[in-house]
Amino acid sequence: MSDLPGDAADRPPTDERADADPTREESLARLLGGGRAAVEGSVPPVGFLVGWLASDGDLTASVVWSLAASAVVLVLSVVQRRAPRAVLIGMLATAVAAMIAQQTGEARNFFLVQLLSNAASALAWSVSIAVRWPFLGLIVGGLIGTRTRWRRDPGLLRAYSRASWVWVAQYVVRVAVFSVLWWLDEATWLAIMRVALTYPLIIACVAISGWVLFASIPRGHPGIRAPQVPLG
């Protein structure tokens, strides 16, 4: 129902189109699969933290807990017939991180993979914006079927670029926090902050970048599903 007085049938069609704002009808969280990915990404760090606290800082036990938690998510993905690629990558990263920590004899080095991967992600996303191929546009374009047509739409290119900076900030926050704790050799706090900066930070990043994305699209633009590509 409309919140404006009068019969909708009495309004000219042009007014109805003018009132509609397609750029506000999308949800980035919905496009990216809701909160499921964020929740699943949080399971292995939570498993590691539980194992770490329960075993009084035993690295092997913590890794086992993390891999066990990942295995549960993997089984659920298979049962629900979803591609378990992200889970498998997470399990591989956990195994590699454990090997590094075991070889160096320092528990804090378990988090080096996480620290370096976030630093690499921050750099990669920054470069993608600089070369006018913002990753968020590539991701969303692939999901909604517009592919890379948005690059020829100045309004969408600008919107995706601005929103992608939010993702850069997400990685930078993690790098800053992990670097300080790694330098101080605070393995317990590294485990805690790894959990704290997974699900909550991802949810905040998606929400803020979604707001930035749609707020940056010019009013009256038909939205992300309809790039305004010039002819010729």
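What counts, and where the lines are drawn
- Numbering of residues starts from 1 in every chain and runs along the sequence as written.
- Thresholds applied to this predicted model are a pLDDT of at least 70 for local features of residues and 80 or more for the giving and counting of side-chain atom pairs; totals over whole chains, interfaces and linings are not thresholded and use all residues.
- Water and hydrogen atoms were dropped before computing side-chain values, which therefore reflect all heavy atoms in the structure.
- Helix numbering and strand numbering both begin at the N terminus, where a helix is a DSSP run of H or I of at least 4 residues and a strand a DSSP run of E of at least 2.
- To sort residues, take the accessible area from a 1.4 Å probe on protein chains only and compare it with the maximum for the residue type: under 20% means buried, over 50% means exposed, and anything in between is partly exposed.
- All accessible-area figures derive from a Shrake-Rupley calculation using a 1.4 Å probe, and residue coverage is judged against the displayed protein chains alone.
- Think of each axis as a best-fit line through the C-alpha atoms, taken over the contacting stretch in the case of a helix, with angles from 0 to 180 degrees between the N-to-C directions.
- Angular relationships are summarised with four words: roughly parallel below 35 degrees, roughly antiparallel beyond 145, roughly perpendicular across 65 to 115, and oblique for the angles in between.
- Crossing handedness: left-handed means the near helix sits turned counterclockwise from the far one by under a right angle, and right-handed means the same turn made clockwise.
- Note on definitions: a residue-residue contact is assigned when non-hydrogen atoms from the two residues lie within 4.5 Å.
- In this classification, the charged set is Asp, Glu, Lys and Arg, the nonpolar set is Ala, Val, Leu, Ile, Met, Phe, Trp, Tyr, Cys and Pro, and all remaining amino acids, among them Gly, are polar.
- Residue-level confidence of the predictor is what pLDDT reports, using numbers from 0 through 100.
- Take the number of residues in a helix, subtract one, and multiply by 1.5 Å to get its expected span.
- The term polar contact refers here to a pair of N or O atoms within 3.5 Å; inside protein, the definition further demands a hydrogen-donor-capable atom paired with an acceptor-capable atom, and it admits residues adjacent in sequence only when both atoms are side-chain atoms.
- Salt bridges are counted wherever a side-chain nitrogen of Lys or Arg sits within 4 Å of a carboxyl oxygen of Asp or Glu.
- What the arc covers is the set of directions going from the helix axis to the C-beta atoms.
- The set of buried Ala, Val, Leu, Ile, Met, Phe, Trp, Tyr and Cys residues whose side-chain atoms join them within 4.5 Å is what this entry labels a nonpolar core.

Asks: Got a minute to help me understand the overall build of the protein in this structure?
Replies: Regarding its fold elements, the protein presents ten helices and zero strands. Ordered by position from the N terminus, the helices and strands of the protein form the series α-α-α-α-α-α-α-α-α-α. Relative to its 232 residues, the protein shows a buried fraction of 37%. Surface accessibility of the protein: about 13,000 Å² in total, with carbon and sulfur atoms responsible for 65%.

Asks: Before we go on, may I ask you to explain the packing of helix H8 (residues 154-183) against helix H10 (residues 199-216) in this structure?
Replies: To describe two helices that pack against each other, one gives the angle between their axes and the distance between the axes. Between H8 and H10, the least distance of the axes is 8 Å, while the angle of their chain directions is 160°. Overall, the two elements H8 and H10 adopt an arrangement that is roughly antiparallel. Every pair of crossing elements has a handedness; the one defined by H8 and H10 is right-handed. Here Gly155, Ala159, Tyr160, Arg162, Ala163, Val166, Trp167, Gln170, Val173 and Arg174 of H8 come into contact with H10, specifically with Leu201, Ile202, Cys205, Val206, Ile208, Ser209, Val212, Leu213 and Ser216. Broken down by class, the residue content of the contact of H8 with H10 amounts to 13 nonpolar, four polar and two charged.

Asks: What is the right way to read the confidence of the model for the protein from this model?
Replies: Residues shown with low pLDDT carry predicted positions that ought not to be read at fine detail. Here the protein averages 84 in pLDDT, and 84% of its residues register 70 or above. Counting contacts from residues 1-24, a segment whose pLDDT is below 50, to residues more than four positions away or on other chains yields 15 contacts.

Asks: Got a minute to help me understand H8 in this structure?
Replies: A rise of 1.5 Å per residue sets the reference length of H8, with its 30 residues, at 44 Å; its end C-alpha atoms lie 43 Å apart and thus fit the reference within 8%. Near the N-terminus of H8, the side chain that reaches the backbone nitrogen of glycine 155, with its oxygen 2.9 Å away, is that of aspartate 153. Looking at the residues trailing H8, positive phi occurs at aspartate 185, about 60°.

Asks: Help me out: how do you make sense of the side chain of threonine 198 in this one?
Replies: Along the chain, threonine 198 turns up in the loop between helix H9 (187-196) and H10. For threonine 198, the residues in contact, after removing those within four places along its chain, are Gly41, Ser42, Pro45 and Arg174.

Asks: Explain the environment of alanine 68 to me, please; I cannot follow it from the model alone.
Replies: Secondary-structure assignment places alanine 68 in helix H4 (residues 59-79). Given the relative accessible area of 41%, alanine 68 is considered partly exposed. Sequence separation of alanine 68 and glycine 47 is 21 residues, and the distance between their C-alpha atoms is 7.7 Å.

Asks: I would appreciate a short explanation of the pattern of salt bridges in the present structure.
Replies: As a working rule, side chains carrying opposite charge can pair if their charged atoms are close by. Applying the stated criterion to the full structure yields one salt bridge. Where glutamate 106 meets arginine 108, a salt bridge forms, and the shortest distance between an N and an O atom there is 2.8 Å. Taking relative accessible area as the criterion, arginine 108 reaches 16% and is therefore assigned buried.

Asks: Would you mind showing me how to read helix H7 (residues 135-144) here?
Replies: Along an α-helix, residues three or four positions apart point the same way, because every turn accommodates 3.6 residues. Buried residues of H7: Leu136, Gly137, Val140, Gly141 and Ile144, and no others. One side of H7 carries all its buried residues, which in axial view fall inside an arc of 120°. Immediately downstream of H7, the backbone of glycine 145 shows phi near 90°, a positive value.

Asks: When you look at the nonpolar core in this model, what are you seeing that I'm missing?
Replies: Nonpolar side chains tend to gather and get buried jointly when the protein is soluble and globular. One finds Leu136, Val140, Tyr160, Trp167 and Ile224 to be the most contacted residues of the largest nonpolar core, which totals 25 residues. Contributions of two or more residues to this core are made by helix H2 (28-31), helix H6 (112-130), H7, H8 and H10. With nine residues, the top contributor of residues to this core is H8. By size, the runner-up hydrophobic cluster in this structure holds 19 residues, among which are Trp52, Val63, Phe111 and Leu115.

Asks: Sorry, what's going on with the environment of aspartate 185 here?
Replies: Within the element layout of this structure, aspartate 185 appears in the loop between H8 and H9. Aspartate 185 sits 78 residues away from alanine 107 along the chain, and the two C-alpha atoms are 8.5 Å apart.

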